[in-house]
Amino acid sequence: MHNDTYEKGLQIRTQVLGQDYVNRSIENADDFNRPLQELVTEYCWGHVWGRDGLSLKERSMINLAMISALNRPHELKLHIRGALRNGLSREQIREILLQVGIYCGVPAAVDSFRLAREAFAEADSEPTR
């Protein structure tokens, strides 16, 4: 699948999540999950993340809160790394996760803080490009 919205989504997805992650996701796609990769790239990243109404930084803030509330650890860790790429500070991420604790429950915040620390450590160990 390749169209303008897909290509826009691929560019934004790569900018936010990193070239290595996106390449692995696409290269590891098989006949079963390739349609999901295409859907995510075109609609999530191209149609929604590609809209003008919010900045990538604002979208990251919203995603961190929602994914924390939904208790999706793999996606949360990935989007914490993306939030750092989109210009959020660790302090801003901390404040978002504290807000999650109040409105979604302390267990969600505890898990989210643990994952954030792991994501920060991974980001700190990456070579600067």
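Residues numbered from 1 in each chain as written. Predicted model: local features only at pLDDT ≥ 70, side-chain atom pairs only at ≥ 80, totals over all residues. Heavy atoms only, no water.

1. Side note on the UniProt feature "domain: Carboxymuconolactone decarboxylase-like" (unreviewed entry) in the chain
Put simply, the test is: UniProt positions are given in the numbering used here, feature names are shortened, and annotations may be inferred rather than shown by experiment. Helix numbering and strand numbering both begin at the N terminus, where a helix is a DSSP run of H or I of at least 4 residues and a strand a DSSP run of E of at least 2.
This chain's UniProt record puts "domain: Carboxymuconolactone decarboxylase-like" (unreviewed entry) on residues 36-118. The distance separating the terminal C-alpha atoms of residues 36-118 is 27 Å; by composition the span is 82% helix and 0% strand.

2. A look at the nonpolar core
Filter applied, for reference: Residues grouped as a nonpolar core are buried Ala, Val, Leu, Ile, Met, Phe, Trp, Tyr and Cys residues, joined through side-chain atoms within 4.5 Å. Whether a residue is buried, partly exposed or exposed follows from its accessible area with a 1.4 Å probe, protein chains only, as a fraction of its type maximum: under 20%, in between, or over 50%, in that order. Whether two residues touch is decided by their heavy atoms; if any such pair falls within 4.5 Å, the residues are in contact.
Core analysis: the biggest nonpolar cluster contains 13 residues, and Leu64, Leu76, Ile80, Leu88 and Ile93 have the highest contact counts within it. Element by element, the count of residues in this core is highest for helix α7 (residues 106-125), at 4 residues. Sequence-distant contacts of Ile93, defined by excluding residues within four places in its chain, comprise Leu64, Ile80, Ala83, Leu84, Leu88 and Phe120. Residues Leu17, Trp49, Leu56 and Leu78 belong to the second largest nonpolar core, which totals 9 residues.

3. So, unusual backbone geometry
Even without a glycine there, the phi angle at Asn71 is positive, about 55°. With respect to the helices and strands, Asn71 occurs in the loop between α4 (56-69) and α5 (73-85).

4. Topic: empty space enclosed by the protein
Which entries qualify depends on this criterion: Both cavities and pockets are sets of points on a 1 Å grid over the protein atoms alone; in a cavity a 1.4 Å probe fits but cannot get out, in a pocket the set is open with protein on both sides within 12 Å along at least five of seven lines, and lining residues sit with an atom within 4 Å of a point. Grid points are joined across faces, edges and corners, and a volume is the space filled by probe spheres set on the points. Each residue is assigned to one class: nonpolar for Ala, Val, Leu, Ile, Met, Phe, Trp, Tyr, Cys and Pro, charged for Asp, Glu, Lys and Arg, and polar for all the others, Gly among them.
Per the counting criterion, the structure on display carries 1 cavity of 30 Å³ or more. Around the largest cavity sit Ile67, Ser68, Asn71, Arg72, Pro73, Leu76, Ala108, Asp111, Ser112 and Leu115, which together line it. Contributing elements (two or more residues each) for the lining of the largest cavity: α4, α5 and α7. It is α7 that provides the largest number of residues to the lining of the largest cavity, a total of 4 residues. Of the residues contributing to the lining of the largest cavity, the split by class is 5 nonpolar, 3 polar and 2 charged.

5. Things to note about the packing of α4 against α5
Rule in force here: Here, axes are lines fitted to C-alpha atoms. For helices the fit covers the stretch in contact, and angles between N-to-C directions go from 0 to 180 degrees. Oblique is the label for any angle not under 35 degrees, not over 145, and not in the 65 to 115 range, which are roughly parallel, roughly antiparallel and roughly perpendicular in turn. Each crossing gets its hand from how the near helix is turned against the far one by less than a right angle, where anticlockwise is left-handed and clockwise is right-handed.
Running from N to C, α4 and α5 point in directions that differ by 160°, and their axes come no closer than 10 Å. By the angle between their directions, the pair α4 and α5 is classed as roughly antiparallel. As α4 runs across α5, the sense of the crossing is left-handed. Here Ser60, Asn63, Leu64, Ile67 and Ser68 of α4 lie close against α5, whose contacting residues are Glu75, Leu76, His79, Ile80, Gly82 and Ala83.

6. Examining the layout of surface pockets
Put simply, the test is: Here the bounds of each domain stem from an automatic or database domain assignment.
In this structure, the second largest pocket encloses a volume near 230 Å³. Residue lining of the second largest pocket: 13 residues in total, with Val40, Cys44, Trp45, Glu75 and His79 positioned closest to the centre. Listing elements by their share of the lining of the second largest pocket, those giving two or more residues are α1 (4-17), α3 (34-48), α4 and α5. Looking at the lining of the second largest pocket element by element, the count peaks at 4 residues for α3. The residues that make up the lining of the second largest pocket include at least three from each of domain 1 (1-52) and domain 2 (54-128).

7. Topic: the pattern of salt bridges
Our working rule: By definition here, a salt bridge exists when the distance from a side-chain nitrogen of Lys or Arg to a carboxyl oxygen of Asp or Glu is within 4 Å.
Within the structure shown, the criterion is met by 9 salt bridges. Glu122 is paired through a salt bridge with Lys77; the nearest N and O atoms lie 2.9 Å apart. With a gap of 45 residues between them, Glu122 in helix α7 and Lys77 in helix α5 connect regions that are remote in the sequence. Asp124 is paired through a salt bridge with Arg90; the nearest N and O atoms lie 2.5 Å apart. Remark: Arg90 occurs in helix α6 (residues 90-104) and Asp124 occurs in helix α7; sequence separation between them is 34 residues. Residue Asp124 is classed as exposed on the basis of its relative accessible area of 54%. Residue class for Arg90 comes out partly exposed when judged on its relative accessible area of 33%. Through salt bridges with shared partners, a single network forms among Lys77, Arg81, Asp111, Arg114, Glu118, Glu122 and Glu126.

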